[in-house]
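Geometric and topological summary
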Amino acid sequence: MAKKTASAKKSTSSAQSPGPAKATEGPEVKLAEYRKKRDFSRTQEPAGGGVRASHKLAFVIQKHAASHLHYDLRLELDGVMKSWAVPKGPSLDPSVKRLAMQVEDHPIEYNSFEGTIPKGEYGGGTVMLWDRGTYSYGGANPDPLEGLRGGHKKGDFKFVLNGKRLQGSWVLVRTRSDSSGKPQWLLIKHKDEYAVPDSNVTTEHTTSVATGRSMEEIAGGQSRVWHSNRAEKHETGDKEKPDSAPDRQSRKSGQSAYERLMARRSR
Ligand code: MN
């Protein structure tokens, strides 16, 4: 006598479509500033957008003899290379903080660029591939990609390098913006088996990690043509930056520069 009833209602909720990726977040948008600064009919640098991100995150450091010599640190995130200009380059000494000025996102193709940018063009000068490899997240978030995004947003970007010349755990800590509004960060080596007190890694390695060439050889044998009319002004410009000296307080206390920085922050 009991009637069979259809007890289980089939819910046929239509699957919500995720919608198109936000136009404000793609590499095309992120690379707009990079492209605006360059005339690709004059420079051999890539315009970008042609390479799909692989599952492994890439990093590269390019030594760049522009008006000021510096090292460009680039870390892949969400389809572009997040980029910092580091005047003094990296140090393996955990007591040393290196100023790192964030610059515009670069295309992933830039990772294989070595050569000269014509004088008068943006960033004109010689570019050497100084180190390259892959990197991974170095923080505690169980989702590495979320950890990297969050760290970048927060200004406490922890990463582990797997390069030819640089390995191990590092951090970029955002401190403030300069007068032009560009974010300033500090690049610091964490204490680990790859840390080297009093490291001079940038003077130990002065040739291309890709081709073995010196800056002069990359420039085509013409020594220092890239800053001919600016030589006097810039020759000594980078010598005594405050970030060049090891953190004496760190030495005394046995804390790394990063630990001291974080302790000050939380006070
Ligand atoms: Mn540069």
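Residues numbered from 1 in each chain as written. Predicted model: local features only at pLDDT ≥ 70, side-chain atom pairs only at ≥ 80, totals over all residues.

Let us look at the overall build of the protein chain. The helix and strand inventory of the protein chain stands at eight helices and nine strands. Looking at the protein chain as a whole, 33% of its 267 residues are labelled buried. (Helix = DSSP H or I, 4+ residues; strand = E, 2+ residues; numbered from the N terminus. Buried ≥ 20, exposed ≤ 12 C-beta atoms within 10 Å, placed from the backbone.)

Bringing the nonpolar core into the picture now. Leu 73, Ala 100, Leu 172 and Leu 187 are the most contacted members of the largest nonpolar core, which totals 45 residues. The dominant element in this core, judged by the number of residues it contributes, is strand 6 (residues 125–137), at six residues. Leaving out residues up to four positions away in the same chain, Leu 73 has contacts with Ile 61, Trp 84, Val 86, Ala 100 and Leu 187. (Core = buried A, V, L, I, M, F, W, Y, C linked by C-beta atoms within 7 Å. Contact = placed C-beta atoms within 7 Å.)

Here we take up the environment of Val 96. Mapping Val 96 onto the fold places it in the loop between strand 3 (80–86) and strand 4 (97–106). Each C-alpha atom of the pair Val 96 and His 190 lies 10.0 Å from the other, and the pair is 94 residues apart in sequence.

What follows is about the pairing of strand 6. In terms of residue burial, strand 6 counts as a mostly covered element, since 10 of its 13 residues are buried. Two elements, strand 1 (residues 57–65) and strand 6, share nine bridges in a ladder whose sense is antiparallel. Following the sheet pairing, His 64 is matched in strand 6 by Val 127. With three bridges connecting them, strand 5 (residues 115–117) and strand 6 associate as antiparallel partners. Residue Ile 117 lies in a different strand from strand 6, and its bridge partner there is Gly 125. (Pairing = 2+ DSSP bridges.)

What follows is about the environment of Tyr 137. Take Tyr 137: it is sitting in strand 6. Residue class for Tyr 137 comes out buried when judged on the 20 C-beta atoms lying within 10 Å of it. For the pair Tyr 137 and Leu 161, spaced 24 residues apart in sequence, the C-alpha to C-alpha distance is 9.0 Å. What Tyr 137 contacts, discounting residues up to four positions off in sequence, is Pro 144, Gly 147, Leu 148, Lys 158 and Phe 159.

This brings us to the environment of Glu 121. In this structure, Glu 121 sits in the loop between strand 5 and strand 6. Judged by the 15 C-beta atoms lying within 10 Å of it, Glu 121 is partly exposed. Remark: the alpha-carbon pair of Glu 121 and Thr 43, spanning 78 residues in sequence, is separated by 7.5 Å. Not counting residues up to four positions away in its chain, the partners in contact with Glu 121 are Asp 39, Arg 42 and Thr 43.

With that settled, consider the pairing of strand 8 (residues 167–177). For strand 7 (residues 156–163) and strand 8, the ladder comprises seven bridges, and the chain directions are antiparallel. Within strand 8, the residue paired with Asp 156 across the bridge is Val 173. What sits between the antiparallel neighbours strand 7 and strand 8 is a turn of three residues. When strand 8 meets strand 9 (residues 183–189), the two strands line up antiparallel, connected through seven bridges. Bridging from a neighbouring strand, Val 171 pairs with Ile 188 of strand 9.

On to the confidence of the model for the protein chain, then. Averaged over all residues, the pLDDT of the protein chain equals 82, while 76% of them reach at least 70. Under a pLDDT of 50 for its full length, residues 1–23 has, in the predicted model, two contacts with residues more than four places off or in other chains. Within the model, the stretch residues 222–242 combines pLDDT values under 50 with 21 contacts to residues more than four positions away or in other chains. (pLDDT = per-residue confidence, 0-100.)

Next up on the list: unusual backbone geometry. With phi around 55°, Asp 78 is a residue other than glycine that occupies positive phi space. Tracing the chain through its elements places Asp 78 in the loop between strand 2 (69–77) and strand 3. Here Asp 78 falls in the partly exposed class, since 16 other C-beta atoms lie within 10 Å of it.

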